[in-house]
Amino acid sequence: MKSCLTAALMLALPVAAVAAPVKELPPKPSVGDIVKAAKPAEWRQLDPANTLYMELPAGRVIIELAPAFAPNHAANIRTMAKEGYWDGLWVYRVQDNFVAQWGDPRENKPKALGTAKAKLEQEFTVPMKNDTQFTRLMDKDGYAAEVGHSNGFPAARDPKSGQTWLAHCYGMVGVARGNESDSGNGGTLYAVIGNSPRQLDRNITVVGRIVSGMPLLSVLPRGPAPMGMYDKEEQNVQIKSVKLMADVPEAERTKFEILRTDSASFKAVAEAQRNRGGPWTKHAFGHVDLCNVPIPVREVK
């Protein structure tokens, strides 16, 4: 009787599933391999007239503007840089997994804008004809009918409406605003330092992206006040200056090149992210999100 009971209990116990053998993926070139092999003609230099140098106590942040997507805001930002608007202002908001924001937080006595415009109509989207360098990703996207890259920027578009816009990926720079669509002029800017908040797409004017210096913003202490604001003036990180690269002497420039996003090597970079090879990777998804495609940048000595 005891042996029968033991046998019955053993039959009732779950049987451990035998794991199916993992089929090893063949090795493939990595993103690093592809970037190293890219031809000189597949790289482009930053445009000095549309590149900002923001000098912080810890170093230089380099921002590339995208005038094709926000022509009026880019022009206003260039004016403010030329007139030294941000010099002496602050990074005053750092919200965890969201943004770092800079400008003038003083509402009672803000810094004068000089000849820059105080208000601009929103440029959440622009006509697709503005963008002549779009390279489409064939992967599906939950926020747009089509996504891809344009001249080094992650972009999205809607062929039905004929509109295109820049996407809120890590490192992208946008124009802060209030509830009114025309309440942002580029004087207060932010950079995405966390998970890509794509829900902001087509709700805020995006003017460019940071090509160098992201760690200088992403490691800043998080603001303790609501929305990551610093609640004490001494917490603010002072901006030494913001200048156009064109206004900086040649000897003081930091020169970078961007892998052209219409190049064969960049398409190979996207494919390497979409279908990674072995031996470490055990499952290749055959899919890549727009914001997970790296845009290679290299410093030129």
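Position numbers for residues count from 1 along each chain, tracking the sequence in the order it is written. Per-residue local features are limited, in this predicted model, to residues with pLDDT of at least 70; the limit for side-chain atom pairs, both in listing and counting, is 80 or more; totals at the level of whole chains, interfaces and linings are taken over all residues. The basis for the side-chain values is all heavy atoms of the structure; hydrogens and waters are excluded.

## Topic: empty space enclosed by the protein
If a probe as big as a water molecule is rolled over the atoms, it shows which places are left empty. Using a grid of 1 Å spacing that covers the protein atoms alone, one calls a set of points a cavity when a 1.4 Å probe fits there but cannot get out, and a pocket when the set is open and has protein on both sides within 12 Å along at least five of seven lines; lining residues are those with an atom within 4 Å of a point. Grid points are joined across faces, edges and corners, and a volume is the space filled by probe spheres set on the points. Under the definition given, this model contains 2 cavities of 30 Å³ or more. Of the voids in this model, the largest cavity is the one considered here, and its volume is about 40 Å³. Taken together, His73, Leu120, Gln122, Phe124, Val175, Ala176, Arg177, Ser181, Gly184 and Thr205 form the lining of the largest cavity. For this classification, the nonpolar set comprises Ala, Val, Leu, Ile, Met, Phe, Trp, Tyr, Cys and Pro, the charged set comprises Asp, Glu, Lys and Arg, and every other residue, Gly included, is treated as polar. When grouped by side-chain class, the residues that make up the lining of the largest cavity number 4 nonpolar, 5 polar and 1 charged. Put simply, the second largest cavity is a space of about 40 Å³. Broken down by element, the residue count for the lining of the second largest cavity peaks at 3 residues, all from strand 10 (residues 163–166). Classifying every residue of the lining of the second largest cavity gives 5 nonpolar, 1 polar and 1 charged. Strands are runs of DSSP state E lasting at least two residues, helices are runs of H or I lasting at least four, and both sets are numbered from the N terminus onward.

## A short note on the layout of surface pockets
Estimates place the volume of the largest pocket at around 760 Å³. If you go around the largest pocket, you meet 28 residues; those closest to its centre are Gln101, Ala176, Arg177, Gly178 and Thr188. Looking at the lining of the largest pocket, the elements with two or more residues in it are strand 4 (90–94) and strand 5 (99–103). Its residues assigned to classes, the lining of the largest pocket shows 14 nonpolar, 8 polar and 6 charged. Sort the elements by how many residues they give to the lining of the second largest pocket and strand 13 (residues 206–212) lands first, with 4 residues.

## Regarding the pairing of strand 10
We treat two strands as partners when DSSP finds at least two bridges between them. As defined by bridge partners, strand 6 (residues 126–127) adjoins strand 10 across 2 bridges and the pair is classed as antiparallel. If you follow Val126 over to strand 10, its bridge partner there is Thr164. Relative to strand 10, strand 9 (residues 153–158) is paired through 4 bridges, and the arrangement is antiparallel. Bridging from a neighbouring strand, Ala155 pairs with Leu166 of strand 10. If you look at the hairpin formed by strand 9 and strand 10, you'll find 4 residues sitting between the two strands, and Gly162 has a positive phi there, around 75 degrees.

## Overview of helix 5 (residues 264–274)
For the exposure calls, accessible area comes from a 1.4 Å probe over protein chains only, and a residue counts as buried if that area is under 20% of its type's maximum, exposed if over 50%, partly exposed in between. Within helix 5 the residues assigned to the buried category are Ser265, Phe266, Val269, Ala270, Ala272, Gln273 and Arg274. Residues count as neighbours in contact if any of their non-hydrogen atoms are within 4.5 Å of one another. If you follow the buried residues of helix 5, they end up packed against helix 2 (31–37), strand 7 (134–137), strand 8 (146–150) and strand 16 (256–259).

## Side note on the state of the cysteines
Note on terminology: disulfide denotes any pair of cysteine sulfur atoms within 2.5 Å. In total, this model carries 1 disulfide according to the counting rule given. One disulfide in the model links Cys169 with Cys291; its S-S distance is 2.0 Å. Taking the torsion about the S-S bond as the criterion, the Cys169 to Cys291 disulfide, at about -75 degrees, is left-handed. Placement of Cys169 in the loop between strand 10 and strand 11 (172–175) and of Cys291 in the loop between helix 5 and strand 17 (297–299) is noted, with a sequence separation of 122 residues between them. On the basis of relative accessibility, which here comes to 4%, the residue Cys169 falls in the buried class.

## With respect to the pattern of salt bridges
The rule for a salt bridge is simple: a side-chain nitrogen of Lys or Arg has to be within 4 Å of a carboxyl oxygen of Asp or Glu. If you walk through the whole model with that rule in mind, you get 17 salt bridges. For Asp139, the salt bridge is made with Arg274, and the minimal N-O distance between the two is 2.6 Å. Here the residue Asp139 occupies a position in the loop between strand 7 and strand 8, and Arg274 occupies one in helix 5, the gap between them amounting to 135 residues. With respect to class, Asp139 is no different from Arg274; both count as buried. Beyond isolated ion pairs, a larger network of salt bridges with shared partners links Asp139, Glu271 and Arg274.

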